[in-house]
Amino acid sequence: MPPKGDSRIPQTCMNESKQHSRLGEKSMLNMATRIECIFFSEFHPTLGPKITYQVPEEYISRELFDTVQVYIITKPELQNKLITVTAMEKKLIGCPVCIEHKKYSRNALLFNLGLVCDAQTNTCALEPIVKKLAGYLTTLELESGFISKEESKQKLLPIMSTLLDDLNATGACTLPIDDSNTIQLKLIQQRKDPPTVQEYDVPVFTECKELFIKSQWDLTTQQILPYIDGFRHIQKISAEADVELNLVRIAVQNLLYYGVVTLVSIFQYSNVYCTTPKVQSLIDDKSIQDECLSYVSKQGQKRASLRDVFQLYCGLSPGTTVRDLCSRYSQQLQRVDERRLIQFGLMKSLIRRLQKYPVKVVRDERSRPPRLYTGCHSYDEICCKTGISYQELDERLENDPNIVICWK
């Protein structure tokens with residue numbers, strides 16, 4: 001087991017609020033990709049393209065099928081490719097299959113098992129499902145003639161019905177076809193690309209660190225895991241874990257993509273923070289209250305009170321450093337860990353960091369400002385890139401009359 005870091009959330013690893021959150025995410029995913037119909041279409045040697053089965057029945061009208069049939073049973077150029085077509089306020093996704101063999105009429109078997117959604121649905125999460133189904137049916141046909149034999153082809157109707165119900169209800173489906181074949185499908189949530197991880201970013205686990213299964217991840221991630229404690233920044237993790245900086249950034253970006261970690265700024269007692277409108281959720285949301293108090297309370301002491309924690313957050317303002325906060329609210333901080341207080345506030349966007357950006361005022365129009373003093377680089381970034389401390393940087397810039405500090 002990796003050593004316990006400060007990013008652990010005491011007594012809330014499996015609390016109800018997180019379970020409800022996961023259920024809510026799954027529900028939102030299923031609603032966003034709701035399947036309205038599943039159809040099986042094939043090319044009949046005398047009738048041409050037709051819909052053999054559809055669930056629910058008669059969902060696809062004759063008019064709609066006539067409009068899109070060239071994209072359902074296609075010419076060779078489009079076969080074995082994912083095709084999405086929108087017509088008559090419906091979106092159809094399919095992967096036309098062609099199996100060539102002299103045993104079939106016209107020497108080929110053409111079919112397509114596709115899905116129908118509302119025209120406004122984002123169907124990216126459904127595309128792997130359609131592709132996988134096409135592959136399954138192709139394999140079943142090559143092994144046992146599942147599609148070409150009428151007796152086995154009739155099994156498609158109950159399979160499609162179960163598929164529609166299960167994918168819409170839970171986002172996953174297991175379908176036993178026969179003694180040796182089972183279809184397993186799962187909707188995968190489409191995630192946004194994570195922000196680029198910088199060397200001055202600090203990764204924090206979003207859930208209990210003890211729930212993290214090391215063996216499921218690559219060797220680099222396993223090597224840096226003990227050093228992710230919510231306070232070490234990427235450059236420091238790289239140095240202490242003896243892993244090349246870019247490899248650490250890539251590994252953390254991967255964890256960020258899957259929501260395992262989030263990023264906060266480097267903690268220092270000279271930092272300045274201010275509250276955001278989301279701090280109101282600490283009063284309105286009982287689950288946030290419980291999670292916050294469990295997270296920020298000092299271990300081995302009585303749980304902190306909501307009044308003290310809220311007062312501490314409200315004490316953060318422009319011009320007030322964390323050091324100032326500690327001296328002004330020493331009574332409230334008796335049961336509150338100020339580092340974890342800041343960490344939790346950043347993770348939940350209850351507060352935000354006010355960063356310092358030095359700007360070199362250029363007197364001579366022909367000269368250019370130093371590369372890091374353009375107003376685009378924070379103290380965190382400059383200190384990481386140059387290797388100097390905050391105090392050293394402050395002293396240098398204070399003695400330079402041409403430097404202006406912007407807070408933002």
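Quantities reported herein were computed from a predicted structural model and do not represent experimental measurements.

Thresholds, definitions, all that
- Residues numbered from 1 in each chain as written.
- Predicted model: local features only at pLDDT ≥ 70, side-chain atom pairs only at ≥ 80, totals over all residues.
- Heavy atoms only, no water.
- Buried < 20%, exposed > 50% of the residue type's maximum accessible area, 1.4 Å probe, protein only.
- Helix = DSSP H or I, 4+ residues; strand = E, 2+ residues; numbered from the N terminus.
- 1 Å grid on protein atoms, 1.4 Å probe; cavity = no way out; pocket = protein on both sides within 12 Å on 5 of 7 lines; lining within 4 Å.
- Points joined across faces, edges and corners; volume = space filled by probe spheres on them.
- Nonpolar A, V, L, I, M, F, W, Y, C, P; charged D, E, K, R; others polar.
- Expected span 1.5 Å × (residues − 1).
- Phe/Tyr/Trp six-rings, centres within 6.5 Å; stacked < 30°, edge-to-face > 60°.
- Lys NZ or Arg CZ within 6 Å of the ring centre and 35° of its normal.
- Pairing = 2+ DSSP bridges.
- Axes fitted to C-alpha atoms, helices over the stretch in contact; angles between N-to-C directions.
- Parallel < 35°, antiparallel > 145°, perpendicular 65-115°, else oblique.
- Contact = heavy atoms within 4.5 Å.
- Left-handed = near helix turned anticlockwise from the far one by under 90°.
- Lys, Arg positive; Asp, Glu negative; His and termini not counted.
- Salt bridge = Lys/Arg side-chain N within 4 Å of Asp/Glu carboxyl O.
- Polar contact = N/O pair within 3.5 Å; in protein donor to acceptor, adjacent residues only side chain to side chain.
- pLDDT = per-residue confidence, 0-100.
- Disulfide = S-S within 2.5 Å.

Chemist: Got a minute to help me understand helix α10 (residues 286-296) in this structure?
Modeler: Taking burial as the measure, the 11 residues of α10 include 8 buried ones, the bulk of the element. Listed as buried for α10 are I288, Q289, E291, C292, L293, S294, Y295 and V296.

Chemist: Can you walk me through the layout of surface pockets in this structure?
Modeler: Rolling a probe over the atoms, with the probe sized like a water molecule, indicates the empty space that remains. The space that makes up the second largest pocket amounts to roughly 310 Å³. Lining the second largest pocket are 16 residues, and of these E42, F43, H44, P45 and L109 sit closest to its centre. Of all the elements in the fold, those that place two or more residues in the lining of the second largest pocket are β1 (37-44), β2 (48-55), β6 (108-118) and α4 (150-153). Across the lining of the second largest pocket, the residue classes break down as 7 nonpolar, 4 polar and 5 charged.

Chemist: Is there a simple way to explain helix α5 (residues 156-169) in this structure?
Modeler: Since one α-helical turn is 3.6 residues long, residues separated by three or four positions face the same way. The end-to-end C-alpha distance of α5 is 20 Å, a good match for the 20 Å that 14 residues give at a rise of 1.5 Å each. Remark: G171 follows α5 within two positions and exhibits a positive phi of approximately 80 degrees.

Chemist: So what exactly am I meant to see when it comes to the packing of aromatic side chains here?
Modeler: A full pass over the atoms with the stated rule returns 7 aromatic pairs. The interplanar angle of 90 degrees and the centroid separation of 4.9 Å between the aromatic rings of Y257 and Y258 together place this pair among those described as edge-to-face. Accessibility expressed as a relative area gives 28% for Y257, which makes it partly exposed. Three or more aromatic residues joined by ring pairs form one cluster here, namely F40, Y53 and F111. The residue whose ring lies beneath R339 is F231, and the NZ or CZ to ring-centre distance is 3.9 Å. A cation sits over an aromatic face here: R340 above Y295, 4.1 Å from the ring centre.

Chemist: Is there a simple way to think about the pairing of β2 in this case?
Modeler: As paired strands, β1 and β2 are joined by 7 bridges and run antiparallel to one another. Residue pairing for β2: H44 is matched across the bridge by G48.

Chemist: Would you mind going over the packing of α10 against helix α11 (residues 306-314) with me for this structure?
Modeler: A pair of packed helices is captured by two measures, namely the crossing angle of their axes and the spacing between those axes. It is the contact of α10 with α11, at a shortest axis distance of 10 Å, that shows an interaxial angle of 85 degrees. Viewed along their axes, α10 and α11 adopt a mutual orientation that is roughly perpendicular. Here Q289, C292, L293 and V296 of α10 lie close against α11, whose contacting residues are L306, V309 and Y313.

Chemist: Help me understand the packing of α10 against helix α13 (residues 338-347), please; the structure alone is not making it clear to me.
Modeler: With their axes 9 Å apart at the nearest point, α10 and α13 run at an angle of 145 degrees to one another. The handedness of the crossing between α10 and α13 comes out as right-handed. Between α10, through I288, E291, C292, Y295 and V296, and α13, the contact on the second element is made entirely by R340, L341, Q343, F344 and M347. Within the contact of α10 with α13, the residues separate by chemical class into 7 nonpolar, 1 polar and 2 charged.

Chemist: Explain the side chain of K91 here, please?
Modeler: Along the chain, K91 turns up in strand β4 (residues 90-94). Buried within the structure, K91 lacks any salt-bridge partner; its nearest side chain of opposite charge belongs to E127, at an N-O separation of 7.8 Å. At 2.8 Å, the side chain of K91 forms a polar contact with the backbone oxygen of T121.

Chemist: Honestly, the pairing of β4 in this entry has me stumped. Any pointers?
Modeler: For a regular strand, the rule is simple: side chains alternate between the two faces of the sheet. Most of β4 sits inside the fold, with 4 of its 5 residues counted as buried. Judged from the 5 bridges that link them, strand β3 (residues 83-87) and β4 form a sheet pairing that is antiparallel. From the neighbouring strand, T86 faces β4, where its bridge partner is K91. Here β3 folds back onto β4 in antiparallel fashion, the turn holding 2 residues, of which M88 has a positive phi close to 50 degrees. Strand direction decides the pairing type here: β4 and β6, joined by 4 bridges, are antiparallel. Among the inter-strand pairings, K91 is bridged to a residue of β6, identified as C117.

Chemist: Would you mind showing me how to read the confidence of the model for the protein chain here?
Modeler: When pLDDT drops low, the exact placement of atoms in the prediction is not to be read closely. Chain-level statistics for the protein chain give a pLDDT mean of 87 and a share of 90% at 70 or above. Every residue in residues 1-28 scores below 50 in pLDDT, and together they form 51 contacts with partners more than four places removed in sequence or on other chains.

Chemist: When you look at the side chain of S41 in this model, what are you seeing that I'm missing?
Modeler: Residue position: S41 is located in strand β1. S41 gets classed as buried once you look at its relative accessible area, which sits at 0%. Engagement of the side chain of S41 in a polar contact is seen with the backbone oxygen of K50, the distance being 2.8 Å. Sequence-distant contacts of S41, that is, excluding residues within four places in its chain, are made with K50, I51, T52, F65, I72, I73, L110, F111 and N112.

Chemist: Help me understand the pattern of salt bridges, please; the structure alone is not making it clear to me.
Modeler: Opposite charge on two side chains permits pairing when their charged atoms draw close. As enumerated under the stated definition, the model contains 15 salt bridges in all. In this structure, the salt-bridge partner of E199 is R249, at a minimum N-O distance of 3.9 Å. Of this pair, E199 sits in the loop between β8 (182-186) and β9 (202-205) while R249 sits in helix α8 (residues 245-257), and the two are 50 residues apart along the sequence. What makes E199 buried here is its relative accessible area of 7%. Salt bridges sharing partners connect three or more residues here, namely E199, R249, E381 and K385.

Chemist: Whenever I open this one, the environment of Y313 confuses me. Can you help?
Modeler: Within the element layout of this structure, Y313 appears in helix α11. In the structure, Y313 is positioned 242 residues away from Y71 in sequence and 58 Å away in space, judged by C-alpha atoms. A distance of 3.2 Å separates a polar atom in the side chain of Y313 from the backbone nitrogen of G345.

Chemist: What exactly am I supposed to notice about the state of the cysteines here?
Modeler: Put plainly, a disulfide is one covalent bond tying together the sulfur atoms of two cysteines. Across all of its chains, the model carries 0 disulfides by this definition. C314 provides the cysteine sulfur closest to C292, a residue in no disulfide bond, and the two sulfurs are 12 Å apart. With relative accessibility at 0%, the residue C292 sits in the buried group. This cysteine, C326, is not joined by any disulfide, and C292 carries the nearest cysteine sulfur, 16 Å off.

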